[in-house]
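Topology and contacts: notes
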Amino acid sequence: MSPTEAPTPADTPADTPAFRYTGALAQVIESRWHDRWDAEGTFEAPNPAGPLADPAKVAGRPRKFILDMFPYPSGTGLHMGHPLGFTATDMYARYMRMTGHNVLYTMGFDAFGLPAEQFAVQTGQHPAITTNQNIANIRTQLRRLGLSHDHRRSISTTDPGYYRWTQWIFLQVFNSWFDPDLKKARRIDELVAEFEAGTRAPKGGDWAAMSASERRRELEQWRLAYVSEAPVNWCPGLGTVVANEEVTADGRSDRGNFPVFKRNMRQWMMRITTYADRLIDDLELLDWTDAIKAMQRNWIGRSEGATVHFDTAAGPITVFTTRPDTLFGATFMVLAPEHGLVDALTTPEQAAAVAEYRASAAAKDDYDRQNEGREKTGVFTGSYATNPLDGTQIPVWIADYVLMGYGTGAIMAVPCGDQRDFEFARKFGLPIVAIQDPTDGRGTDTSTWADAFVGDAPYVNSSNGSLVLDSVASVAEGVRLTNEWLAAHGHGEATITYKLRDWLFSRQRYWGEPFPIVYDVDGNPHALPDDLLPVNLPETDQFSPRTFDPDDAMSNPESPLDRLQDWVNIELDLGDGVQPYRRDTNVMPQWAGSCWYELRYLDPTNEQAFVDPANEAYWMGPTEPDASGGVDLYVGGVEHAVLHLLYARFWHKVLFDLGHVSSVEPFHRLFNQGYILAAAYQDERGMYVEAADVQAVDGGYRYDGQPVTREYGKMGKSLKNAIDPDEMCQQYGADTLRLYLMSMGPLDASRPWESKDVVGVYRFLQRVWRNIVDEDTGAARLLPEPADADTVRLLHRTIAGVREELDNLRFNTAIAKLIELNNHLTKLGGCPVDIADPLVKMLAPMAPHVAEELWSTLGHTDSLAFEPFPVADPALLVADTVEYPVQINGKVRSRVTVAADASGDDVLAVALADEKVVAALAGATPKKTIVVPGRMVNIVA
RNA sequence: GCCCGAGUGGCGGAAUGGCAGACGCGACGGACUCAAAAUCCGUUGUCCGAAAGGGCGUGUGGGUUCGAGUCCCACCUCGGGCACCA
């Protein structure tokens, strides 16, 4: 048998009892309950307001909004990672319902995007058709898993009734600006009012003197969504631009792995950078792991320092530094090759060398730069700058290790304190001056140094008369004093910079949301009024943008919508008479639809608003002062740590600032599930082979007779090691699959799939079934006597344990505790009559179909979805007697059993009287004794 | 290089600073069976021992503590993220 092939459950031979819990019977049971749940609308959650309102049912039940990251409806359906996360949320949702909560739990589809479009290009079939087929297929798969979704609330981002509001939210962003004083978004008309009142100064001069066009351009500099000519990531292989977040570390596209080039193009941007501080600061309010918070902080990349101005013949060069205290050690400056002052600074003698260097730098994409290593290169411009602290003249170089996209694209080089500057100085023979006396004893003669010194150490050579750092010993103090001096003398100021760039928001593709924007004859963008929404995606049979040679950096985008001139050109009256306009021919990136879907779940059929404020406040509003509000539990993969989670937080904050939502953050608690790994096999050429067809032979592995090597990797198509959830349902039933997925290990850990292990939880369900049901008749078959005291105690310990584990999403240990209880019942020969109900209720969140079936076999007529979850009796959680391990010098030497309420002294007396303890002590008097009530005794001899 | 995680039986994994290895897989033995499967019962960290019992055990080395898988320091290995970020 191959190691990844699932063992088939017992073939059902002729003498199999009619009501044995087999995979076949499980499927009968499961589809029966799917039908009944649907028919009865069991999982429909009432709203306080709007079309889905049922205030009587809302009253008195605390809310719980449980959310999965919604799937992309791929043509290959769900992969095993989906049921993993979905089962976890479903178990939690069901448990929450049984503990009295009003639970909002549903599932939608993130359906715009590249694969459907590419499939359409290949087949000529409209992506909407493919998408709807895929969604229908996935709905079938979801139903099969028994997920307790409120089906009325499901949405697809591609539905015009949904993207109407995506467009509407875009216009909210477009029509607002960020007030740097209040640090929040405000409506753009409030900015106009401030300009008119003279309480705020436009960036471009006198508002009153501006023409209408100038005023539009002024406002564009403030809007949170704006069109700008700026360096963007152009990907000729995809035929579109992509966001910074979609470019991999080696300078290629996240999708398709094509080269990406920095090019100046006119594109839609979102001013997410204005929210950088709040996006960092509000992480404090969130119940997320430190790892994800760190990734977001890292991406935003806030660093504090100073800007410093250096005079040159060509005007001042402004640099950003995190170490202004090292300014006395600045012995040269370096500009990025693209820096605007390079031409003016370059002397005639250096002109040829500079031009050559710039040309070679421009020809490299990020990928090449990476591959060429870190060897420092650069060219002297021929000019000098003046160090503002002491007036020294220092040479100005250009080098590609200084990046135009960060800080000001120029640095002051302090080779004694920065490793890159140190290497550069060594390579080109530039001076290195020590400005600290390093604490590692290397001395201040830099000619003997092997590397730069970074850290706290007393300053030397760092005084100019009015600024005295010498004898200061801490960097923090040095920075503070230098910043003060720079500000006082007009040479600089304390500054904060970010790695985060504004979000490139347009794509030259077809399968996305059109922009609700038209341009007038002067090329100025105008928002369409709400009553013209949605702007429907126009019909066409040309779905592809023009794509280019992936390496053709100088190609230009040509979107599918550009070709639809009948659609592009329209006449509208936007307030000043009917005028000709041109529609925007870009579409939004795939992230747009996922930036707010959780809000639409709250009120999916509302035609008047994207969500009724009363519904938002109920489901997502803060439940205590200073809390963030937001989804109570959000489960999904860590791969969205920066992209989706950053963009969605940004949109939510804009909506909050504008008063549309009461929650500050969209997702209060985030839980990242691990990956499902599986064995993958490579042949001798390094090609992956179908894992299902690999044979285990003599401790090795063979495919088609040839030896192959095994490794573990993320389950999926590329490693040819995927296992289909449907197949598992087919063989064992969904309940077994659910239990297996949850019992493999903690939800947040990646775990290897082992098909042979599935049988463990399958056997557990069979045993539960057999303890309650007569396999021949299908009738209930309980032990008629009530349970003995030990069994009752075990039941209550199990109840307390399962509750505790489920409260903390520890499904694996919750299941283990149920198995323990059931194993005990198996030893008793069956389930005592008073244990059956609580056992089945505890099983209900985990294996809902079999639990419902057992519940009805036990004579109950209603679904147990809303049955109260069992409550442990505290009196039964403590035993009459406790067995104490007795340690001598920390090693267990004996055990004594004493009454549970015995005092510490009594326990110790019993322990000291124990014969093994007496023997071990051999007459010695204990130096010290420790009694931990209920736990153990330790005697130090 | 920097920032996060994680290292426990043959395997997946349990263990509020208090009996290491719950639960499951696998393996071994037994019952049932003509036989097998399924099911049920039992054993299963490792070493010494016939047994009773004992030694050793949570990546490595130190430390704190009556007591450390758990806390602290240093290191090793693996996984993830970021990276010429000034």
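What comes next is a walk through the structure. Per chain, residues are indexed from 1 in the order of the written sequence. Going through the entries in the order they are written, you letter the chains from A and number the ligands from 1. pLDDT decides what is reported in this predicted model: residues at 70 or higher carry local features, side-chain atom pairs at 80 or more are listed and counted, and totals for whole chains, interfaces and linings draw on all residues regardless. Here the side-chain values reflect all heavy atoms present in the structure, with hydrogen atoms and water set aside.

Simply put, an axis is a line fit to the C-alpha atoms, just over the touching stretch for a helix, and the angle between two N-to-C directions goes from 0 to 180 degrees. Secondary structure elements are defined from DSSP: runs of H or I of at least 4 residues count as helices, runs of E of at least 2 residues count as strands, and each element is numbered from the N terminus. Contact geometry of helix 22 (residues 734-743) with helix 27 (residues 848-857) gives a least axis separation of 7 Å together with a crossing angle of 125°. Relative to helix 27, the element helix 22 lies oblique. The residues of helix 27 that touch helix 22, namely those facing Ala-734, Asp-735 and Arg-738, are Pro-848, His-849 and Val-850. All amino acids are sorted into three groups, where Ala, Val, Leu, Ile, Met, Phe, Trp, Tyr, Cys and Pro are nonpolar, Asp, Glu, Lys and Arg are charged, and the leftover types, Gly among them, are polar. Of the residues assigned to the contact of helix 22 with helix 27, the class counts are three nonpolar, one polar and two charged. Roughly parallel here means an angle under 35 degrees, roughly antiparallel means over 145, roughly perpendicular means 65 to 115, and every remaining angle is called oblique. Every residue pair with non-hydrogen atoms within 4.5 Å of one another is taken to be in contact.

Let us now look at the sheet that holds strand 30 (residues 928-932). By definition, two strands form a pair when at least two bridges between them are found by DSSP. On the basis of which strands lie adjacent, the open sheet formed by four strands has the order 29-28-31-30 and mixed pairing. Edge strands, defined here as strands with exactly one partner in the open sheet, are strand 29 (891-899) and strand 30. Strand-to-strand twist across the sheet, computed as the mean angle between neighbouring axes with direction ignored, equals 20°. One ladder, built from three bridges, connects strand 28 (residues 881-888) with strand 31 (residues 936-940); its direction is parallel. Residue pairing in the sheet places Gln-887 in a bridge with Asn-938 of strand 31.

Consider each residue's heavy atoms; a residue with any of them within 4 Å of a molecule or strand counts as near. Neighbouring residues of RNA strand B: 49 residues in total, closest Thr-322, Arg-420, Asp-757, Arg-895 and Asn-938. Near the protein, meaning within 4 Å, the atoms of RNA strand B are sugar or phosphate in a fraction of 62%, with bases accounting for the rest. For the purposes of these results, a polar contact is taken to be a pair of N or O atoms within 3.5 Å, where, inside protein, one atom must be able to donate a hydrogen and its partner to accept one; residues adjacent in sequence count only when each atom of the pair is a side-chain atom. The separation between a sugar or linking oxygen of RNA strand B and a polar main-chain atom of Met-744 is 2.9 Å. At 3.2 Å, a side-chain N or O of Glu-820 approaches a sugar or linking oxygen of RNA strand B. Per-element tally for the surface near RNA strand B: the top contributor is helix 25 (residues 811-828), with seven residues. Looking at the surface near RNA strand B residue by residue, the classes come out as 20 nonpolar, 12 polar and 17 charged.

This part is about the environment of Val-479. With respect to the helices and strands, Val-479 occurs in helix 15 (residues 475-488). Val-479 sits 453 residues away from Ala-26 along the chain, and the two C-alpha atoms are 70 Å apart. Setting aside its immediate chain neighbours within four residues, Val-479 contacts Thr-322, Pro-324 and Asp-325.

Take the sheet that holds strand 15 (residues 503-504) next. Taken in spatial order, the four strands line up as 6-5-7-15 in an open sheet, and their pairing is antiparallel. Of all the strands in the sheet, the pair left with one neighbour each is strand 6 (240-242) and strand 15. Note that strand 5 (residues 225-235) and strand 7 (residues 261-270) share 10 bridges and pair antiparallel. From the neighbouring strand, Val-232 faces strand 7, where its bridge partner is Arg-263. In the packing of helix 6 (residues 160-174) onto the sheet, contacts are made with strand 5 and strand 7, and the angle to strand 7 comes to roughly 95°.

On to unusual backbone geometry. Cis geometry is adopted by the peptide bond preceding Pro-534, which originates at Leu-533 and carries an omega value of 0°. Positive phi, close to 50°, is recorded for Asn-461, a residue that is not glycine. With respect to the helices, strands and loops of the structure, Asn-461 is situated in the loop between helix 14 (419-428) and helix 15.

Bringing the side chain of Thr-346 into the picture now. By secondary structure assignment, the location of Thr-346 is in the loop between helix 11 (342-345) and helix 12 (351-362). Engagement of the side chain of Thr-346 in a polar contact is seen with the backbone oxygen of Val-342, the distance being 2.6 Å. Non-local contacts of Thr-346, meaning those with residues more than four positions away in its chain, are made with Ala-351, Val-354 and Thr-381.

Aromatic rings from Phe, Tyr and Trp, with only the six-membered ring used for Trp, were paired whenever their centres fell within 6.5 Å, and each pair was classed as stacked if the ring planes differed by under 30 degrees, edge-to-face if by over 60, and tilted otherwise. Across all of its chains, the model carries 42 aromatic pairs by this definition. Considering the side-chain rings of Tyr-618 and Trp-619, the 4.8 Å spacing of their centres and the 75° angle between planes classify their relative orientation as edge-to-face. There is no split in this pair, since Tyr-618 and Trp-619 are both buried. Ring plane angle 85° and centroid distance 4.9 Å describe the contact between Tyr-740 and Trp-753, whose orientation is recorded as edge-to-face. Placement of Tyr-740 in helix 22 and of Trp-753 in the loop between strand 27 (751-752) and helix 23 (758-772) is noted, with a sequence separation of 13 residues between them. For the pair shown, Tyr-740 and Trp-753 are each scored as buried. An aromatic cluster of three or more residues is present, and its members are Phe-170, Phe-174, Phe-178, Trp-268, Tyr-275, Trp-503, Phe-505, Phe-515, Trp-591, Tyr-647, Phe-650 and Trp-651. Cation placement over rings: the criterion is NZ of Lys or CZ of Arg within 6 Å of the ring centroid and within 35° of the ring normal. One Lys or Arg, Arg-94, reaches over the ring of Trp-37 and ends 4.6 Å from the middle of that ring. Sitting over the face of the ring of Trp-222, Lys-203 holds its NZ or CZ atom 4.5 Å from the ring centroid. Exposure classes here rest on a 1.4 Å probe applied to the protein chains alone. A residue is buried below 20% of its type maximum, exposed above 50%, and partly exposed in between.

Read these as spatial facts, not as claims about activity.
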